[in-house]
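Chains, contacts and geometry: an overview
The residues making up each chain are set out below.
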Amino acid sequence: MAVLTQRLGILGGTFDPIHHGHLRAAEEAHDQLGLQQVLFVPAGDPPHKPGLPISPAHHRLHMVELATADKPHFAISRVDVDRPGPCYTVDTLRLLRAALGPKPAFFFIEGADSLVETVTWYQPQKIIELCELAVVARPGVRVDLTELDKELPGLSKRVHHVQMPLLEISSSDLRARVKTGRSISYLVPPSVEAYIQEQGLYR
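Read on for a plain summary of the structure. Treat the numbers as computed from the prediction; the structure is a model and nothing was measured. The numbering scheme is per chain: residues are counted from 1 as the chain's sequence reads. Local features in this predicted model are restricted to residues of pLDDT 70 or higher, and side-chain atom pairs are both shown and tallied only at a pLDDT of 80 or more, whereas totals for entire chains, interfaces and linings draw on every residue. The side-chain quantities take in all heavy atoms of the structure and omit both hydrogens and water.

**Notes on the sheet that holds strand β3 (residues 74–76)**
Convention followed: In this scheme, strands are said to pair when DSSP sees at least two bridges between them. Numbering of helices and strands runs from the N terminus, with a helix taken as a DSSP run of H or I at least four residues long and a strand as a DSSP run of E at least two residues long. Note on geometry: axes are lines fitted to C-alpha atoms, helical ones only across the stretch in contact, with angles between N-to-C directions running from 0 to 180 degrees. It only takes one pair of heavy atoms within 4.5 Å for two residues to be counted as in contact.
Taking strand neighbours across the sheet as the criterion, the six strands line up as β3-β2-β1-β4-β5-β6 in an open arrangement whose pairing is parallel. Two strands in the sheet have a free side with no partner beyond their single neighbour: β3 and β6 (159–162). Here the average twist between neighbouring strands, direction ignored, is 30°. Relative to strand β5 (residues 132–136), strand β4 (residues 105–111) runs parallel, the two being bridged by five bridges. Among the inter-strand pairings, F107 is bridged to a residue of β5, identified as E132. Across the sheet, helix α1 (residues 20–32) is in contact with β1 (7–13), β2 (37–42), β3, β4, β5 and β6; its angle to β2 comes to roughly 150°.

Set out below in structure tokens:
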């Protein structure tokens, strides 16, 4: 993980599989917020998905590698897949800060739907101290920052809105498509589609 930047985007996720919605969000945040790099952080043991079947980390990590290979301003961190236990966002941010030092500035990329839930995450106050929030528009999701500020004071001052085409793509729908033999072409990069087929994922 080579990070040489003053403004770093961080996009965490299960990425099971990574799709064009993830990639477009990263690209829009990069462009609109003047980020030098966006760091993709595949989850190891996501605490919000207890008991749900998740593809092994090496498959998810490799799909992210395939999807981002041609973008020099995209990088990947193994900080979550290489450690045991639940991967809370606040711990991920602490580990990245310890590894990268006081610079760069962190911009945590999340959807508007996730922003609404941020107040319920583990140590949310510490999260907004460690990073700013790059909030990507989501279809049908409206955010009342005034109300969220009542639950998590100072949240609104850390929010940067990122506009993007409203791509209604979800990893759960992609897995269902593969399981039932439907096409996922144009929803994921061709290299990711080929890997899913080669490895027999989601069957």
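Read on for the rest.
**Topic: the pairing of β4**
Worth spelling out the cut-off: The classification of residues rests on relative accessible area computed with a 1.4 Å probe and restricted to protein chains. Under 20% of the type maximum is buried, over 50% is exposed, and intermediate values are partly exposed.
For β4, a buried count of six out of seven residues is recorded, marking the element as mostly surrounded by other parts of the structure. Taken together, the four bridges between β1 and β4 define a ladder with parallel strand orientation. Along β4, the bridge assignment pairs I10 with F108.

**Remarks on the packing of helix α2 (residues 57–68) against helix α8 (residues 190–199)**
In a pair of packed helices, the angle between the axes and the distance between the axes together describe the arrangement. Our working rule: By definition in this entry, angles of less than 35 degrees are roughly parallel, angles greater than 145 are roughly antiparallel, angles of 65 to 115 are roughly perpendicular, and the rest are oblique. What makes a crossing left-handed is the near helix being turned counterclockwise from the far one by less than a right angle; a clockwise turn instead makes it right-handed. Ten residue types, Ala, Val, Leu, Ile, Met, Phe, Trp, Tyr, Cys and Pro, are classed as nonpolar, four, Asp, Glu, Lys and Arg, as charged, and the remainder, Gly among them, as polar.
As a packed pair, α2 and α8 sit with axes 8 Å apart at the nearest point and diverge in direction by 150°. One finds that α2 runs roughly antiparallel with respect to α8. In this structure, α2 meets α8 at a crossing whose hand is right-handed. From α2, H59, H62, M63, L66 and A67 reach across to α8, where they touch S191, V192, Y195, I196 and Q199. Here the contact of α2 with α8 is composed, by residue class, of six nonpolar, four polar and no charged.

**Points about the packing of aromatic side chains**
Keep this limit in mind: Working definition: a ring pair exists when centres of Phe, Tyr or Trp rings (six-membered ring for Trp) sit within 6.5 Å. Plane angles under 30 degrees give stacked, over 60 give edge-to-face, the rest tilted. Counting as a charge over the ring demands two things of the Lys NZ or Arg CZ atom: a distance within 6 Å of the ring centre and an angle within 35 degrees of the ring normal.
Per the stated rule, a full pass over the model turns up four aromatic pairs. Judged by centre distance (5.1 Å) and plane angle (65°), the rings of F40 and F74 are edge-to-face. Placement of F40 in strand β2 and of F74 in strand β3 is noted, with a sequence separation of 34 residues between them. An angle of 90° between the planes, with centres 6.3 Å apart, marks the rings of F108 and W121 as edge-to-face. With F108 in strand β4 and W121 in the loop between α4 (112–118) and α5 (124–130), the pair connects residues that are 13 residues apart, well separated along the chain. According to the relative accessible area criterion, F108 is buried, its value standing at 8%. We classify W121 as partly exposed; its relative accessible area is 24%. Ring pairing ties together the aromatic residues F15, F40 and F74, which thus form one cluster. Above the face of the F106 ring, R97 is positioned so that its terminal group lies 3.8 Å from the ring centre.

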